[in-house]
Structure formats: structure tokens, C-alpha cells
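# Descriptive structure summary
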Amino acid sequence: MSRMMIAMSGGVDSSVAALLMSEKGYQCSGATMKLYEDESSSCSINTKSCCALSDIEDARSVCATLGIDYHVFNFKDKFQEQVIERFVDSYENGLTPNPCIDCNRYLKFEHLYKKARILGFDKVVTGHYAIIEEIDGIFYLKKGIDPTKDQSYFLYDLNQEQLAHISFPLGSLNKSEVREIAEKHNFINAKKNDSQDICFVSNKKYSQFIEEYRNKMYPKGNFVDMDGNILGQHKGIINYTIGQRRGLGVSYSEPLYVHKVDAKKNEIVLCKKSELIKKEFDVKNVTYTYLETPPSEMKITVKTRYRQVEQNATLFSTSKDTVHIVLEEGQDAIAPGQAAVFYDGDIVVGGGQII
Amino acid sequence: MIYADNAATTKIDQEVLDSMLNYLKGDYGNSSSPHLFGRKAKEALLKARETIAKIINCAPNEIFFTSGGSESITQAILSAASWGENHNKKHIISSSIEHPAVLNTLLSLEENGFKIDLVKPNNRGIVDYKKIESLINNDTALVSIMYANNEIGTIQPIQEIGCICRKKGVLFHSDCVQAISHLDIDVNRDNLDMISFSAHKFHGPKGIGILYCKKTFALTPLIYGGAQERGKRGGTENIASIVAMAKALEIQSNNLIENELKIKRIRDFLENKLLTIEDSHINGDRQSRLSSIINIRFDKVEAETLLLLLDKKNIYVSTGSACSSGSIEPSHVLMNLDLSKEEANCSIRISLSKYNSDEEVATIFSEIKEIVNYIRSFN
């Protein structure tokens, strides 16, 4: 019988994933990764507090209900190094990070994945809304059927070896069905809200989190227009992301948007809405889910951020792991640092980081 | 199943359980009741107190029954602090490798204006008594040093520290939770003013312990309640558990040498075998150490993984210190031996008892060897 490690956050999705795998007759164990300090609970001598205790208790409760084993793994150091550091570093360099993608890549599908393999599990199971389909020995990563929940964007860099050892049981369900299942089984977290924001930032502005994390303030600097004319003063570059309109505090004849965050000059370049639009961009660190060699040219659809409808485009490989993307229609706020994910219909072809 | 986590808790002796059941099923009276049923309970309480007092060499009225080690430790420290507050002595000396029951109590006092000095041990986990001596001043109310460490088993120079404290007129408390199961503790010989321990570490039940406090010092109650325990610890006495604790300690004391020789023999056998595994190291001093504990690290082998794979083979050992979530934090004790976080995370504790056999330790060795090699094959 196959053994499944269910990565459980304490939320409703991964709990239902655990239930579905148990019902299919697999031998399941729940596992929660402890990733960061949670201010609401305290326990040890050296650290003031630890872990999102209530989430862990929820996951433990669901596992007890299902009669499956449960473990908590301490990944705090790895999370700090590979997710939080990258997040802060990106902001400091004027980029727009995506820590959820880093967490999937480095924590769930590298460290937890490796641990699961060592512990003798056949697959890692998560509550992501995405589908893995095997056709003729090739594993395809596809969009989840619920268009409002599809999370394939966050999973673009999974390779064949990983896809063969991962399962997403929720991909063919709608969120409402998942909640119904949880309620029917009286899960303690059935009515729990979905997590919305970046987990470790918790109810703070990103800029406040970064300042506290680095224990420093970021210097003020100039807002400039596309020609370099000074328009006003900004409050430190970490307060701004590409495409931002609110909270700039610059008066102008028409609404202005953040066009570029220039970390070197400590400048924020502002532009009009029309000037935000780009038709072409480059992507680095590109990986492909099922192609063995990069295509020299390929018709694709592309997402440059999570909440976005895919856009028609053509991909041109510029090296083994870089591509140039030409969009059919211009797109606004393409932010360096964010992931560009390439689709062929419902199938994720691959993706990388926007330069 | 092989249970090798006896520093966490132990299996209750059958004889102890039997003695306990009598006071749960049969003579269940309240020792405060004046009728025969109550008097029987009172008599049992008296006998238990005498038994324990004799073993640790104190007077029966110097024994206070509590719910266990953490309660005893908290009461001992807070009593000393409250005395210190009244005598303008707001300085306490302890060590950095104490149990959280001590450290967190001291932390709460620090927040209330006490000055706390935590002496760091040497890199083998032994506290230097001269360092303690040099820290004692006119403001010092209390020295609290564990008799033996719970993670690495190192035995501290208690007699020397006791002697210094007596000479300087400073109160001396010792957390004896680990030591009581393996050593002969004599509060007079060791110059101890207060000691704390719990029954479940020496094959007694959980939820019961003692605080020994010398006659000349008045404890401050944590629980007021009625007049039980001479007004120092309210609440109806847990007679069944108290009787069981006395029984367990009696058995332990009567068989101490014989059991210790056996435990040490199998521990040394296992330790020497484990050290034949490549890149393995013992944490802590190997001489001044409890006979039961091995704290060992295998380079590049995460203890968390090793523990789970042993668990799958029904072998139970321990690692680090679990926080309330159940996840493993790097041990503050090992970090205080100047081990790196990674080294601390590659360390496991095996703790044996009289119930472990030669066959069991042979199995523990062969399974660990196999699993260590297996985990390393992934590196």
C-alpha cells in the first residue's frame, strides 16, 4: 500500500486533502512544517514564542479525527534563509517577490519532499488546487478546475521527478465542495477563513515587517518622472511596488503609477497609466515541467502575476534558462521579481522570474 | 517495543501500582477526616513521609508533597525570592543548562527586578563551583543548581556548591528530578536546603513529587487551600500517589547499587558500540555522568529523521526539547556546550532503566547503525 505524507497547514484545504487520500485507502501521515515565530504563543526559554500553535492544533485535531499519524517538522531556519531573506532582499533591490512560490519550491517540494522520501513515503500530498495527469509516462501539471482557486501558477517549477511523487487531490474540486466535505466531517477548521496574505507578515504592512526584520529604517528619496524630473519625496523604496497607485502622495494632472523602483539611485520612477504598458519582457531562471529541451519558439499563454487572466504570447528561447516573451496585447505592471508562468491551454509548460 | 526514553518518564513498577490501587479502590479516605477511614489515610501519609525522609536523610516534617518537579521547583525558587525581597537580597545564581522549570521561573523574577546570573558550564556540561563562589555577594538570596542534567546526564559538583553556600549563608536549592533515580542523595551530606523531584522518573506515577525544605526556612505557598502540608501546600493529599511514590523510592533505594551496575554496564556497551559508527560523538562529560544517559550525535544525520525512523521500528528515544507544538527545537543545553545549531540538531538522547536488557541495547545499536547509514546515503 502506498504511503502518503500530507503537508498540512491547519487549513481546510490540506485537511480535506488528507481525508480524500485516507478514503482512497492510502496509508497517510499528516505533517506540518513549523516555519516561523508566531507572536500569539510562547513556549521556550531562548525564543520568546514559537509556531502558529493554533494551526498546528487544528491539523493535529483533523489527523486524530481521521485516525492518522501526525508530525511537526521544524523548518524555521530554512524558511528564514530561503523565503524570508529572499523576500526582504527583493524589496531592498526594488523587485516584487513571490514568497509563496519560494516556499513551495524550497520548503514543501525540496526539504519536506526530501524528508518524506527518506522516511519512506511514496508521495507528498498538498491541498493545492492543481492537477497532475500522467499520459504515456509524462506527468503534466494542469490548472485546477475551480477558476477562482487555481494555484498552478505557484507550482510552475516542479519537474518530472517531483510530479511523479506529488499528488494534489483537490484539483478537480471546487472550493465550495471542499468546504462541504469539511463540514460534513465536522472538521474543526471547516469554517476557517482562507489565508489571504503572506503568512509570516501577519497583519502588518510589508514595509513595517521589513523594517522590523532588518531593524533599520530605509532612507527617503525622490519620486521622479520618466525623464528624471523630481516630483516629490518617497518614504523609502521598500514601501512601493510596480503598478502601485495608492499612497504615493504626489499631486499631478492625472493619476501616477510606480513604473520602476531604482534601488541603486534610491529613486521611484512614476509614470502615467499608458506608460505602464509593456509588450515584451525577459524571463530568467526558466524551468519547464515536461519539455526535455527548451523550445526555440512557442505559442503560449502567460500569467505575469497570480490574479490575472492568461495572455496570448510567443516565447523565444534566448538560452537554456532564459526566454524573451512577446505579448499579443500590451500588459500593465509587469514587475521584475514576479514569476511569469507559461501555459499551453490548461497545461503548465514552465516559467521563470521576470527581469 | 524498546523504550529508551527513561529520562522523560519511566514505566511504573507493578508493586508500586498495586500499592497505589489499594488507596484508589479500597482505603480511599481523606486524611483530614477524623473517622477511621480518614485516620487510615493519615497513617499512610505519615508512613510515606517517613520512608522518603529516611532515604534522603531529613526529618519527615521537612518533606512537602506537590504535584511534581515543576511545582516543587517553582515553589522553592519563589519562596527564596520572597524571602530575598524581604531581606533586600534580589540576586539569584543558577546555571544556563537548567530545566525550563527553573529557567522560566527565574525569567519571571528577572522581569520583576531580580538580578539573575546563569553560569555557563564548561563544554562538557559541568558547572564550575568556583565561578558560583565568585558570583555570590551580599545581595545573593539563592543558588539553584541541578544535581544532574536531564539531557546529557552530567552530575554537578553539588557537595562543593552546598559547602560554599552554607559558608556564605546563601540558600541552596537543587533540581534533583533526574538524579534521584540513579544517585544516593543525602540532603545533609550535600548541604542542601531545598530539593525537588518527581516520582515518575523512578518508576512511580506521574503527577506527584516532593519539595524538601529544611526546617529553618519557611516556604511561601503557591496553593493556599486548607491546612494540608502544614499550610504550605493546600489541597486534599493525593494519598494513592504519595504512597506509590514512597514505595517506588524505597524499591529504588534498596536496589540502587545492583540496578546502577546493570544500567551502567549496558549503557557502556551500547555507547562503545555506537561510537564505532563513523563520525559519532558523545555530548557532555563521560565521567561525571548518570549511568543511564547517552547523548550522542551523528554528523549529517538529522535527529528528527533518525527519531522517526527508530519510532517506525518501535524504538523510542529522544531528541532536543519538544516545544508545545511538538516540533523539535535545538536543545539549549547542547547550545551551551558550544555546539552549533546543526550539531545540536544531529543529537539524540538514549536513556536506559533497569527494565532494559542486553538484547534490547544490541538491537538499538544495530537499528541505529543501519538507519544512520541509510540517512547518510541521501546526503
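Our focus in this paragraph is the domain arrangement of chain B. All names here are of chain B. The domains assigned to chain B are domain 1 (2–10 + 256–376) and domain 2 (14–254). The C-alpha centroid of domain 2 is placed 27 Å from the C-alpha centroid of domain 1. Listed by partner, the interface residues are 21 residues for domain 1 and 26 residues for domain 2. Within the side of domain 1 that touches domain 2, the residues separate by chemical class into six nonpolar, ten polar and five charged.

Our next topic: the domain arrangement of chain A. Residue and element names in this part refer to chain A. For chain A, the domain assignment lists domain 1 (3–184), domain 2 (214–275) and domain 3 (277–354). Distance from the C-alpha centre of domain 1 to the C-alpha centre of domain 3: 25 Å. With 20 residues of domain 1 at the interface, the matching set in domain 3 holds 16 residues. Every element with two or more residues in the side of domain 1 that touches domain 3 is listed here: strand E6 (138–143) and helix H5 (160–163). It is E6 that contributes the most residues to the side of domain 1 that touches domain 3, six residues altogether. Residues belonging to the side of domain 1 that touches domain 3 are distributed by class as follows: eleven nonpolar, six polar and three charged.

Turning our eyes to something else, we now look at the sheet that holds strand E3 (residues 91–95) of chain B. Residues and elements named next belong to chain B. Spatial ordering of the open sheet is given by E2-E8-E7-E6-E5-E3-E4, a layout of seven strands whose pairing is mixed. Here the strands that pair on one side only, and so sit at the sheet edges, are strand E2 (63–66) and strand E4 (115–119). The mean inter-strand angle of the sheet, taken between neighbouring strand axes irrespective of direction, is 20°. For strand E6 (residues 171–175) and strand E7 (residues 194–198), the ladder comprises three bridges, and the chain directions are parallel. By the bridge assignment for E7, Ser174 is matched with Ile195. The sheet contacts of helix H4 (residues 100–111) involve E3, E4, strand E5 (140–144) and E6, and relative to E3 the element is tilted by about 155°.

Cut-offs and rules
- Residues numbered from 1 in each chain as written.
- Chains lettered and ligands numbered in written order.
- Predicted model: local features only at pLDDT ≥ 70, side-chain atom pairs only at ≥ 80, totals over all residues.
- Domains from an automatic or database assignment.
- Contact = placed C-beta atoms within 7 Å.
- Nonpolar A, V, L, I, M, F, W, Y, C, P; charged D, E, K, R; others polar.
- Helix = DSSP H or I, 4+ residues; strand = E, 2+ residues; numbered from the N terminus.
- Pairing = 2+ DSSP bridges.
- Axes fitted to C-alpha atoms, helices over the stretch in contact; angles between N-to-C directions.

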